[in-house]
Number of protein chains: 2
Amino acid sequence: MSTRVRSSSRSHRAAAPEAGQVTTGPIYRSRKTYTEVTHRNTDGTSTVLRIPQRSVDLTTGGQFPLYDTSGIYTEDDPQLDLAAGLARTHDGWERPAAAPASAEHPELRVQTQLAWARAGVVTPEMTFIAHREGFTPEFVRDEVAAGRAVICANHRHPEIEPMIIGRAFAVKINANMGNSAVTSSIAEEVEKMVWATRWGADTIMDLSTGSDIHETREWIIRNSPVPVGTVPIYEALEKVKGDPMALTWEIYRDTVIEQCEQGVDYMTVHAGVLLRYVPLAAPRVTGIVSRGGSIMAAWCLKEHRESFLYTHFEELCDILARYDVTFSLGDGLRPGSIADANDEAQLAELRTLGELTRIARSRGVQVMIEGPGHVPMHKIPQNVEWEEEWCDGAPFYTLGPLATDIAPGYDHITSAIGAAIIGQAGTAMLCYVTPKEHLGLPNRDDVKTGVITYKIAAHAADLAKGHPRAQERDDALSTARFEFRWHDQFALALDPDTALDFHDETLPAEPAKTAHFCSMCGPKFCSMRISQDVRDYAEEHGLTSVEAIEAGMAEKSQEFTEAGDRVYLPITAT
Amino acid sequence: MSTRVRSSSRSHRAAAPEAGQVTTGPIYRSRKTYTEVTHRNTDGTSTVLRIPQRSVDLTTGGQFPLYDTSGIYTEDDPQLDLAAGLARTHDGWERPAAAPASAEHPELRVQTQLAWARAGVVTPEMTFIAHREGFTPEFVRDEVAAGRAVICANHRHPEIEPMIIGRAFAVKINANMGNSAVTSSIAEEVEKMVWATRWGADTIMDLSTGSDIHETREWIIRNSPVPVGTVPIYEALEKVKGDPMALTWEIYRDTVIEQCEQGVDYMTVHAGVLLRYVPLAAPRVTGIVSRGGSIMAAWCLKEHRESFLYTHFEELCDILARYDVTFSLGDGLRPGSIADANDEAQLAELRTLGELTRIARSRGVQVMIEGPGHVPMHKIPQNVEWEEEWCDGAPFYTLGPLATDIAPGYDHITSAIGAAIIGQAGTAMLCYVTPKEHLGLPNRDDVKTGVITYKIAAHAADLAKGHPRAQERDDALSTARFEFRWHDQFALALDPDTALDFHDETLPAEPAKTAHFCSMCGPKFCSMRISQDVRDYAEEHGLTSVEAIEAGMAEKSQEFTEAGDRVYLPITAT
């Protein structure tokens, strides 16, 4: 793969880069800025952390800061070397001494965010996250200690900007990518990673299943500013040439260790697909749709014994604990259709994931739980209730869910409906779905559509949950809209480029972007302008409170009555 | 405008027609079919009604019938004459004698679906609708009599296929179109109407504001298979050259009569924007965003008296009653931003709409109520509760609502989230929002995107409400998906053309459409295939019920234990 880099910093629109390059440069009318924060280490020394943000330059003179996941790629002139990867920022951070994994296992001493949090330590990652999201470091620590939030940060992945996944925090989104047996190259996948984080992906998962899995992942991890997740069983399956029957614990374990060493931050493990649950999927409309779930189901059935992921789960915990890799306990039996939602197969597995959560946590490993799938709206909130109850409040990480099956080609939308609802109900991270779901592999445009759609769902959920910072952005954008500050409206949008393109389709001239009208009503009449008149009128007449309005109106009403007018004129119908 | 027609019946994909033509021909692997139903008239005679549907030809040999709004345009070889318009089907239907408007006004005798329903009459329209939706004609009649549902069918619009809007029925969607001062032609608008109904629009609204309003509407009405709505104040404003101050009751009334005569089926009337409510919008972030609302607010402020829509409301009722035109009482003070949702201006107006609903119904006029706007998810269901309580259960007809303000360019999605939720809560019709909302006027592609997105929201709501027929389609599509019947999956989709295109991007060859794999996992491994193995296994071993599975597993578990295996191997961590 080439390591050349094309900078588009002078252009506000991100054009597709040439082969082997990635997209760089600031987002429309924005600058990448960093706030320096001093973290106090346990040994009394301190470390300066640089918290990233996208600062929108408003036409009114101020700046509006936005949460930003895009790394240095959106700097003005980023110094990139894709072959070497990003700077290893965390290498300079303190890694406190090992702490007891848990009260149950004081003999296990590990270096994980969970163990440190339980020991009362605020890590540099926690401080970073606290400033990034607007909470105190102690609150972040307490949520991690309780297992209600996870910080996915493998010790071997020092390039990332720390982030947190938990119901008390902003809802996060994940973007899947990865080459497959049928299509795509390493360069394309690296660009997809850069592209997805440019638009707001909080984590990415490399789901490669074709050739060059290890190398593809290496390029992605070394260059990713966000945590990277994988499903190790995919690579294990490639090692045995796609035959589930040839899988063994040893092959799987070695694959996990290889990926831990490489810096994967969280791993999907379908350890809840138990032999006795497999036949529960038989009466379903769509059987088992999870790839990992069906691999394990096939293995269990043919071997006639319990899944090695389940029988070796404690050993697996202790491998992950060594690197502080987070479990994403996979829902291998998730429903793949509306008909199968909330069925016994799904629920049986979820109960087992709760059991595994307790084992992992007792060994100091952070855990999140994956969720459905396809679920009609009225059955969605119940999923969060079950998950929180059975899995002791572990962060929920859901795929959609799709609220109907009937719209292939639009499953980013069918699933955004479900994602927003499940986010409102408490889900901590939403795995995006692209328009190509069920039909093909997403290209670069699909990745962007998926990310923006999921940023919408996550933000809608943040608003509904009352996240302290969420509504500020809506208010800033709507104020800009009301005041005809078109440039600010675009810059504050999730996707300024598309907003600008759509506006310019009808009114391309530059003056239209400062005009006090738009293409909907034309120049002669504008409801926004009339609203300004209303405001002026209210101010002129002192009608600035409900009381004043009622008093003023009573007077006016009297005039009205005296004038002999009537509200209802009786009319005889014909 | 030209009257030539291009038939695309041999092609399964609808290409853009040439100028002056409209899109025709069947949808992918479907045929337009009609079921004949005999309606018994009040005079003892009977009328044969032809209920339309889209019949999907399944590869398994059967047909799957779908609700269809596209009129004759999707027939194999439709005989069209756009200048003459569609056949005047209803002209042959009985129009029963006038009935008392209500118990309060027995002296007003009118010919509306509401008055007939109250008098116990089942009209041809009710029979038609009952068979179209799967209810009894008496149930349809009772819902209309109670005012919980409306049948928008102007006596002067005999071309339409009757449909019903009410919370007990399938959630409907409306598509807006119309030329403006800035852009678009009559021919484009007629094609947008045909195009929108092809993809499932249940009603369309002509919101033209530019020149040729009357002629544009004539072409649309004469050729529309679905009810047509308007906002008469728009045309009235054009008549006074865009100056709200020059508006009078007389100009407005004459415009309404002209539109009633022409065949408009429902009209948005912003009669709830009272003088005393206008200043309530002053403290808002985005003031008054409804065009009609701001026109009336401007008029009230400058005139210093009550809106003529309110003072002449009874006269207006009696005009609409003569034609059986349905009121869509407009929410002129709807919130235009998250910050303004559920505020006093919005609620004050909604209470007044309730008062107007009672007046209209007492005079025999059918009523629906328009709703917001921009509302965060947690404030959405309350809107339906208020509306139903204050407006005596009149059908709610909402614009979105948008669940966040921050995604211009994607407001079909921000609003689909809100639309699905408000539909689940009881909203009867959803007004679509296209990707161009806030930015420009929708083109043909935007219209389709808006319609499909809203069909998704409406269907998700139908599933959540438990509409008797809703899940059948999901199950049929998911079964086709599970059985690798790609052609059937596409044909049952809301948009077969896009599903097919996306599939073909990765695997264009025809054999891939019968192959038992897809591009996601490639040919070597397929979770769907493994699911079939699971099913075969369960059947072979008699594990076809939960009891049998448990019994079978107990046996297996014993074997497992005897083999000396253990679930958890204690491992010492390092």
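What you are looking at is a predicted structure, and each value in this text was computed from that prediction instead of being measured.

Calculation rules
Residues numbered from 1 in each chain as written. Chains lettered and ligands numbered in written order. Predicted model: local features only at pLDDT ≥ 70, side-chain atom pairs only at ≥ 80, totals over all residues. Heavy atoms only, no water. Helix = DSSP H or I, 4+ residues; strand = E, 2+ residues; numbered from the N terminus. Buried < 20%, exposed > 50% of the residue type's maximum accessible area, 1.4 Å probe, protein only. Contact = heavy atoms within 4.5 Å. Areas by Shrake-Rupley, 256 points an atom, 1.4 Å probe, with all protein chains shown as cover. Patch = residues over 30% accessible without salt bridge, like charges linked within 9 Å, V, L, I, M, F, W, Y side chains within 5 Å. Salt bridge = Lys/Arg side-chain N within 4 Å of Asp/Glu carboxyl O. Lys, Arg positive; Asp, Glu negative; His and termini not counted. Charge placed at Lys NZ, Arg CZ, Asp CG, Glu CD. Pairing = 2+ DSSP bridges. Axes fitted to C-alpha atoms, helices over the stretch in contact; angles between N-to-C directions. Right-handed = clockwise from strand over helix to strand, strands pointing away. pLDDT = per-residue confidence, 0-100. UniProt positions renumbered as here; feature names shortened; annotations may be inferred. Polar contact = N/O pair within 3.5 Å; in protein donor to acceptor, adjacent residues only side chain to side chain. Core = buried A, V, L, I, M, F, W, Y, C linked by side-chain atoms within 4.5 Å. Parallel < 35°, antiparallel > 145°, perpendicular 65-115°, else oblique. Left-handed = near helix turned anticlockwise from the far one by under 90°. Nonpolar A, V, L, I, M, F, W, Y, C, P; charged D, E, K, R; others polar.

Undergrad: Where do I start with the overall build of chain A in this structure?
TA: When helices and strands are counted, chain A shows 19 helices and 15 strands. Residues counted as buried form 68% of the 574 residues belonging to chain A. Once local pairs closer than 6 in sequence are excluded, the contacts in chain A between residues at least 24 apart make up 71%. If you sum the accessible surface of chain A, you get close to 18,300 Å²; carbon and sulfur atoms cover 50% of it.

Undergrad: Got a minute to help me understand a negative patch on the surface in this structure?
TA: Taken together, Asp533, Asp536, Glu539 and Glu540 of chain A make up a surface patch of like negative charges. One can find glutamate 540 of chain A in helix H18 (residues 527-540).

Undergrad: Would you explain the sheet that holds strand E1 (residues 30-40) of chain A in this entry?
TA: Paired through backbone hydrogen bonds, the strands of a sheet run either parallel or antiparallel to each other. Residues and elements named next belong to chain A. One open sheet accounts for three strands, arranged E1-E2-E3; its pairing is antiparallel. Looking along the sheet, the strands with just one partner apiece sit at the ends: E1 and strand E3 (63-66). The sheet shows a mean angle of 40° between the axes of neighbouring strands, direction not considered. Where E1 and strand E2 (residues 46-57) come together, eleven bridges link them in antiparallel fashion. From the neighbouring strand, threonine 38 faces E2, where its bridge partner is valine 48. Along the sheet, helix H2 (residues 124-133) makes contact with E1 and E2, crossing E2 at roughly 25°.

Undergrad: It is not clear to me how the pairing of strand E13 (residues 367-371) of chain A should be interpreted in this structure. Could you clarify?
TA: Within a regular strand, the side chains alternate between the two sheet faces. Residue and element names in this part refer to chain A. Burial analysis of E13 places five of its five residues in the buried class, which makes it a mostly covered element. Examined bridge by bridge, strand E12 (residues 326-329) and E13 share three bridges and lie parallel to one another. Opposite serine 328, over in E13, you have methionine 368 as the bridge partner. In this fold, E12 hands off to helix H11 (residues 344-362), which returns the chain to E13; that crossover is right-handed. Taken together, E13, helix H12 (residues 380-390) and strand E14 (residues 396-399) form a β-α-β motif whose crossover is right-handed.

Undergrad: Even after reading the chapter, I still don't get the sheet that holds strand E3 (residues 63-66) of chain B, so can you show me in this structure?
TA: All names here are of chain B. Across the sheet, three strands lie side by side as E1-E2-E3; this open sheet has antiparallel pairing. In this open sheet, the two edge strands, each paired with only one partner strand, are strand E1 (30-40) and E3. In this sheet, neighbouring strand axes are inclined to one another by 40° on average, regardless of whether the strands run parallel or antiparallel. As paired elements, strand E2 (residues 46-57) and E3 share four bridges and run antiparallel to each other. Looking at the pairing, aspartate 57 lines up with glutamine 63 of E3.

Undergrad: I would appreciate a short explanation of the confidence of the model for chain A in the present structure.
TA: Note that predicted coordinates carrying low pLDDT should not be read in detail. All names here are of chain A. Looking at chain A, pLDDT values average 89 and 86% of them are 70 or higher. Taken together, the stretch residues 1-13 has pLDDT below 50 and engages in 43 contacts with residues farther than four places along the chain or on a different chain. Every residue in residues 556-574 scores below 50 in pLDDT, and together they form 31 contacts with partners more than four places removed in sequence or on other chains. Scoring the predicted complex yields pTM 0.91 and, for the interface, ipTM 0.91.

Undergrad: Just to check I follow, could you spell out the UniProt feature "binding site: Zn(2+)" (unreviewed entry) in chain A for this structure?
TA: UniProt records the feature "binding site: Zn(2+)" (unreviewed entry) at His374 and His438 of chain A, using the numbering of this structure. These annotated residues cover 65 residues of sequence, and their C-alpha atoms all fall within 12.2 Å of one another, placing them together at a single site. Structurally, histidine 374 of chain A is set in the loop between E13 and H12. The contacts of histidine 374 of chain A, once residues within four sequence positions are left out, are Pro335, Gly336, Ser337, Ile338, Ala341, Pro401, Leu402, Asp405 and His438 of chain A together with Arg481 of chain B. In terms of polar contacts, histidine 374 of chain A uses its side chain to reach the backbone carbonyl oxygen of glycine 336 of chain A, at 3.3 Å. Position of histidine 438 of chain A among the secondary structure elements: in the loop between strand E15 (429-431) and helix H14 (444-465). Looking at histidine 438 of chain A, the relative accessible area reads 13%, which means it is buried.

Undergrad: Explanation requested: the nonpolar core in the structure shown.
TA: In globular proteins that are soluble, nonpolar side chains generally tend to be buried together. Of all hydrophobic cores here, the largest spans 286 residues; its most connected members are Tyr252, Phe313 and Phe327 of chain A together with Tyr252, Phe313 and Phe327 of chain B. Beyond its immediate chain neighbours, meaning those up to four positions away, phenylalanine 327 of chain A contacts Met267, Val269, Phe313, Leu316, Cys317, Leu320, Ala360, Val365, Gln366, Val367 and Met368 of chain A. Among the nonpolar cores identified, the runner-up in size contains 18 residues, and Leu58, Phe484, Ala499 and Leu500 of chain A belong to it.

Undergrad: Whenever I open this one, helix H10 (residues 313-323) of chain B confuses me. Can you help?
TA: Residues and elements named next belong to chain B. Here H10 lies mainly inside the structure; ten of its eleven residues are buried. Regarding H10, the residues found buried are Phe313, Glu314, Glu315, Leu316, Cys317, Asp318, Ile319, Leu320, Ala321 and Tyr323. Buried residues along H10 sit in contact with strand E5 (109-110), helix H7 (249-262), strand E11 (266-269), helix H9 (308-311), strand E12 (326-329) and helix H11 (344-362). One or two steps after H10, the chain reaches aspartate 324, where phi turns positive at roughly 60°.

Undergrad: What should I look at first to understand the pattern of salt bridges in this one?
TA: Opposite charge on two side chains makes pairing possible when the charged atoms of those side chains draw close. Evaluation of the coordinates by the stated rule reveals 60 salt bridges over all chains. In this structure, glutamate 314 of chain A engages arginine 363 of chain A in a salt bridge whose closest nitrogen and oxygen atoms are separated by 3.9 Å. With glutamate 314 of chain A in helix H10 (residues 313-323) and arginine 363 of chain A in the loop between H11 and E13, this pair connects stretches of sequence that are 49 residues apart. Where aspartate 495 of chain B meets lysine 448 of chain B, a salt bridge forms, and the shortest distance between an N and an O atom there is 3.1 Å. Taken as a pair, aspartate 495 of chain B in the loop between helix H16 (486-492) and helix H17 (496-506) and lysine 448 of chain B in helix H14 (residues 444-465) lie far apart in primary sequence, 47 residues in all.

Undergrad: Where do I start with unusual backbone geometry in this structure?
TA: Here proline 372 of chain A and glycine 373 of chain A are connected by a cis peptide whose omega angle stands at 10°. Position of glycine 373 of chain A relative to the elements: it lies in the loop between E13 and H12. A cis amide bond links glycine 400 of chain A to the next residue, proline 401 of chain A, at an omega of 10°. Relative to the helices and strands, proline 401 of chain A resides in the loop between E14 and helix H13 (411-424). One non-glycine residue, aspartate 324 of chain B, adopts positive backbone phi at about 60°.

Undergrad: Looking at this model, I keep getting lost on the packing of helix H5 (residues 213-223) of chain A against helix H7 (residues 249-262) of chain A. Mind explaining?
TA: Residue and element names in this part refer to chain A. Taken N-terminus to C-terminus, the directions of H5 and H7 make an angle of 30°; their axes are 10 Å apart at the nearest point. Judged by the angle between their axes, H5 and H7 are roughly parallel. As for the relative orientation of H5 and H7, their crossing is right-handed in sense. For the pair formed by H5 and H7, the contact residues are His214, Arg217, Glu218, Ile221 and Arg222 on the first element and Glu258, Gln259 and Gln262 on the second. The residue inventory of the contact of H5 with H7, partitioned by class, reads one nonpolar, three polar and four charged.

Undergrad: Where do I start with the environment of methionine 205 of chain B in this structure?
TA: All names here are of chain B. Relative to the helices and strands, methionine 205 resides in strand E9 (residues 203-206). Here methionine 205 falls in the buried class, since its relative accessible area comes to 4%. In the structure, methionine 205 is positioned 60 residues away from aspartate 265 in sequence and 9.7 Å away in space, judged by C-alpha atoms. Not counting chain neighbours up to four residues away, the residues in contact with methionine 205 comprise Asn174, Ala175, Asn176, Met177, Gly229, Thr230, Val231, Tyr266, Thr268 and Tyr397.

Undergrad: Explanation requested: helix H6 (residues 232-239) of chain B in the structure shown.
TA: Given 3.6 residues per turn, any residue in an α-helix points the same way as the ones three and four places further on. Residues and elements named next belong to chain B. Among the eight residues in H6, six count as buried, and that is most of the element. Residues of H6 that are buried: Pro232, Ile233, Tyr234, Glu235, Ala236 and Leu237. Phi turns positive, to about 55°, at lysine 241, one or two residues after H6.

Undergrad: Please clarify how the side chain of threonine 311 of chain B should be interpreted in this entry.
TA: All names here are of chain B. Note that threonine 311 resides in helix H9. When its relative accessible area of 9% is taken as the criterion, threonine 311 is described as buried. A polar contact of 3.5 Å, which involves the side chain of threonine 311, links it to the backbone oxygen of phenylalanine 308.

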